[in-house]
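# Reading the structure
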Protein chains: 2
Amino acid sequence: MKSVGVAILGLGVVGGGTYKILTEHREFYRRTQNIDISVESVLELNKQRALDLGIEESKISDNIAEVVSNPNVDIVVEVIGGVEPAKSFVLAALHSGKTVVTSNKELFCKYWYELERAARRTNAGLYFEASCVGGVPIIRTLTDGMQANVVHTLTGIINGTTNYILTRMAREGLDYAAVLKDAQALGYAEKDPTADVEGFDAAYKLSILSSLAFHTKVPLDKVYREGITGISKLDIAYGEELGYVLKLLAIGKNDGAGRIEVRVHPAFIRKDHPLASVNDSFNAVFLQGDSVGEIMLYGRGAGSLPTGSAIVSDVIYAATHADHKYATFKNTQLAEKGVRFVTDFQSRYYIRFTAHDRAGVLAKVAGVFAKYNISIVDFIQKGEDFDRAEGEGEGIPVILITHTTSEFSVRRAVEKIAALDGIVQVNSVIRVEN
Amino acid sequence: MKSVGVAILGLGVVGGGTYKILTEHREFYRRTQNIDISVESVLELNKQRALDLGIEESKISDNIAEVVSNPNVDIVVEVIGGVEPAKSFVLAALHSGKTVVTSNKELFCKYWYELERAARRTNAGLYFEASCVGGVPIIRTLTDGMQANVVHTLTGIINGTTNYILTRMAREGLDYAAVLKDAQALGYAEKDPTADVEGFDAAYKLSILSSLAFHTKVPLDKVYREGITGISKLDIAYGEELGYVLKLLAIGKNDGAGRIEVRVHPAFIRKDHPLASVNDSFNAVFLQGDSVGEIMLYGRGAGSLPTGSAIVSDVIYAATHADHKYATFKNTQLAEKGVRFVTDFQSRYYIRFTAHDRAGVLAKVAGVFAKYNISIVDFIQKGEDFDRAEGEGEGIPVILITHTTSEFSVRRAVEKIAALDGIVQVNSVIRVEN
């Protein structure tokens, strides 16, 4: 039986979960995978935390050089997060010829090319299933399951915190701020929630997933990003009236002719879309391939054991395959020449504005839309006596949904509409995906 | 660049789709996978069919010995279906050291051990992603994505024909026979639909999937099987009233202590279960692992291109990995010693019977249930003046749903109830899954 020694860098939530899975399943993996995986070393400055997990003192280190020079360590699991010191530690491991398994989406999306170059040099493995969508095997599906397909679109709910917040706002009719506070108290959101609620976390993942799906480097700075902090409960309620659910979507599109579109933003989707019923902290990724058609993967995108499950599946994969596979595309820091990233993308739009109920205002609005060739599908105008919700403010709300049009046209039209006489303000502009 | 020669045995629906994918994507695979895959040979008695696909005459064969002795062929794709001649052909390929990729669930579930023995002998690969749930990468998820987990349950809608029929029966209020006829005309059901509608196809797949999920051989004859031919539109409608959707489910359970339960039968599931919205010919598999929690994979379970996608992903996988992996369990014909297959499984039950509306009948029925320790959750009794549906027959319908109880208790109770004075008949007994 093959013996495999693992080092875990960082015993936070995911590191602790990984340790628990590896130790509790050791006999199970001996029996089912014919490998004996032992945790040989942990790098953790909080020694007590390691001792509390039952780790022998001799295996606890505060020195990366000691960990990567340990001949009993074959695979280094990095679950520290962030760029430094994680990056230096991962590079040190790869330089020593150790295979690295990481859950670090930020590091990976920013320095993938550099990490992979280091891995190739020593023929070390570099695995990152846990970096995207926790326990859902989306990386392996893209690399080892969908590889027969030209993938045209990838649409995902890939951040658990924002999905939890939006689900509760919709279900309970609550404001963003109230749900965020509760989510923080319950551990669903961090003290500083920026990375989640502003869409950075989803953008990191989308950069990685779309690079794999489209076989070309999709740099982070090409991902259009908008968070959920400006979402009003009113928009969720009006969307519901029109048959839509609001989600923070990560969308990647590839036209197969060198044009790629990658964006993270709140979006309405129809209630009968498979992603519409992905609620709470669950995640899902919906893919369209030219042969397979539509497929969807659904599961927990975060958490100690789901993410630990992805880490350990990578450890087993690395330990039971004779050679390592690297990216299937030219993995450089920048995008490949010839690839164009679309910024003036096409979408439908939900627009809410408030107007003084004066004759002529709507005619002027219609004129602006006509000028930019934007046509309207759905339209709600509340009468003077409508049931004014808390926070609704002055004026009469008007909600409309456009046909498919271009992002830039909408931005220009909205600017013009906001400046019209009789318009109180344009409250919200939210994309509507098919 | 590595060159890989493929032979396709059988140019039916899946064989044709596989040929199309391989030839149309040849340049794409050169670019993204760094391999050049060419179709070097096809085995097809209907020569015209091969010529119509554009295959050169010199590559068309009617002789398996010729195909497997072709030095340009590295991988043999078997898409003939059924046991013979597919089995002899696959064994011939494996004996010649050719890697085999198959979509043949019947062959695979019945002779897996024999095929794998042959493959190990010549160190050939044996891949079968396409045998279960078409384009959905469920096999690879079990072997390469969920392998860190003890899988406790697997619940799937894994037959497209029956899901199509049940979806239409529910949506349109039609009878089984009418929808079947239509499904046959539209190509969703075969002329002889037995394998699908009696649950054989789902049982083949469940045998394979649960063997992988539970790391032990689950022989086909251990799978309890019941088809959808006895399903009445009345039951679908009454279930709907109670908040349930009817599906043909494949269920595998593993208690982790050597007790395994595998069954294919129609079952009611609650409308808010993720599987409830899997409609038409779509398939999905819902898994519960001890670390990852719940995950679900959704997509097309059949069809020329989705199944071809799975075949080709196996071809690429086999071509780009240095060594082959075989089953992670003792792959024999019979079940392992020590594994117990549960037949008296636990479930909730929907029971519909018709009674003469006589005082005392229901009391007698209640007495029978009490005798077998079966308690009732939901209960519908129609009054004398209920809106009698077509086919409802004599008597007053009574519908009830039990708490979790044992299969054998229900069978015995139903037998007793059917014999009671005042009971016209017990019309249906359908399991209700959580």
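Here the structure is a predicted model, which means the values were calculated and not measured. Residue numbering note: each chain is counted from 1, following its sequence as written. Each chain gets a letter, beginning with A, and each ligand a number, beginning with 1, in the order they are written. Given that the model is predicted, a residue must reach a pLDDT of at least 70 before its local features are reported, and side-chain atom pairs must reach 80 or more before they are shown or counted; all residues, however, enter totals for whole chains, interfaces and linings. Based on all heavy atoms of the structure, the side-chain values leave hydrogens and waters out of the count.

What follows concerns the UniProt feature "active site" (unreviewed entry) in chain A. All names here are of chain A. Within this structure's numbering, the places UniProt gives as "active site" (unreviewed entry) are Lys205. Assignment of secondary structure puts lysine 205 in helix α11 (residues 200–214). Only protein chains enter the area calculation, which uses a 1.4 Å probe; residues under 20% of their type maximum are buried, those over 50% are exposed, and those in between are partly exposed. The exposure class assigned to lysine 205 is buried, which follows from its relative accessible area of 4%. Whether two residues are in contact is decided by their heavy atoms, any of which lying within 4.5 Å being enough. When sequence neighbours within four positions are dropped, the list of residues in contact with lysine 205 reads Lys105, Ser131, Cys132, Val133, Ile158 and Asn159. UniProt positions are given in the numbering used here, feature names are shortened, and annotations may be inferred rather than shown by experiment. Secondary structure elements are taken from DSSP: a helix is a run of H or I of four residues or more, a strand is a run of E of two residues or more, and numbering for both begins at the N terminus.

With 42 residues of chain B at the contact, the number on the chain A side is 42 residues. Buried area is calculated as the accessible area (1.4 Å probe) missing from two parts once they are joined, with the contributions of both summed. Counting the surface lost from both chain B and chain A, the interface buries some 3800 Å², and carbon and sulfur atoms represent 56% of this. Counting the surface chain B buries against chain A, the share from its top three residues, B:Gln147, B:Ala148 and B:Tyr298, is 15%. Under this definition, polar contacts are N or O atom pairs within 3.5 Å; protein pairs additionally need one hydrogen-donor-capable and one acceptor-capable atom, and for neighbouring residues in sequence, both atoms have to be side-chain atoms. At the surface where chain B touches chain A, the tally comes to 14 residue pairs in polar contact (both at pLDDT 80 or more).

Pairs can form between side chains of opposite charge whenever their charged atoms are close. Note on definitions: salt bridges are taken to be side-chain nitrogens of Lys or Arg within 4 Å of carboxyl oxygens of Asp or Glu. According to the stated counting rule, one finds 52 salt bridges over all chains in the structure shown. Close ionic contact of B:Lys110 with B:Glu106 constitutes a salt bridge, the shortest N to O distance being 2.7 Å. Residue B:Lys110 and its partner B:Glu106 are located together in helix α6 (residues 105–122), separated by four residues, close to a single helical turn. Among the residues examined, B:Lys110 registers a relative accessible area of 30% and is labelled partly exposed. A salt bridge links B:Arg431 to B:Glu407, with the nearest nitrogen and oxygen atoms 2.8 Å apart. Taken as a pair, B:Arg431 in strand β18 (residues 423–432) and B:Glu407 in helix α15 (residues 407–418) lie far apart in primary sequence, 24 residues in all. Residue classification places B:Glu407 among the buried residues on the basis of a relative accessible area of 2%. Three or more residues are tied together by salt bridges with common partners; here these are A:Arg26, A:Glu27, A:Arg30 and A:Asp36.

We now examine the nonpolar core. Counting 171 residues, the largest nonpolar core has A:Ile138, A:Ile165, B:Ile138 and B:Ile165 as the members making the most contacts within it. Excluding anything up to four places from it in sequence, B:Ile165 contacts B:Tyr176, B:Val179, B:Leu180, B:Ala183, B:Val197 and B:Ile228. Counting 66 residues, the second-largest nonpolar core is a separate cluster that includes A:Val39, A:Ile60, A:Ala148 and B:Val312. Buried Ala, Val, Leu, Ile, Met, Phe, Trp, Tyr and Cys residues that are joined via side-chain atoms within 4.5 Å together make up what is termed a nonpolar core.

Here we come to the packing of helix α5 (residues 86–95) of chain B against α6(B). All names here are of chain B. Interaxial angle, 0 to 180 degrees, is taken between N-to-C directions of lines fitted to C-alpha atoms, where a helix line uses only the stretch in contact. The geometry of α5 relative to α6 is characterised by a closest axis approach of 9 Å and an angle of 15° between their N-to-C directions. Of the possible angle classes, the one that applies to α5 and α6 is roughly parallel. Along this stretch, α5 crosses α6, giving a crossing that reads as right-handed. Each of Ala86, Lys87, Val90, Leu91, Leu94 and His95 in α5 lies in contact with α6, whose residues at this interface are Leu107, Tyr111, Glu114, Leu115, Ala118, Ala119 and Thr122. Here the residues of the contact of α5 with α6 are counted per class, giving nine nonpolar, two polar and two charged. When an angle is under 35 degrees it counts as roughly parallel; over 145 it counts as roughly antiparallel; between 65 and 115 it counts as roughly perpendicular; any other value is oblique. Two helices cross in a left-handed way if the nearer one is turned anticlockwise from the farther one by less than a right angle. They cross in a right-handed way if the turn is clockwise. Three classes are used: nonpolar for Ala, Val, Leu, Ile, Met, Phe, Trp, Tyr, Cys and Pro, charged for Asp, Glu, Lys and Arg, and polar for all others, with Gly counted as polar.

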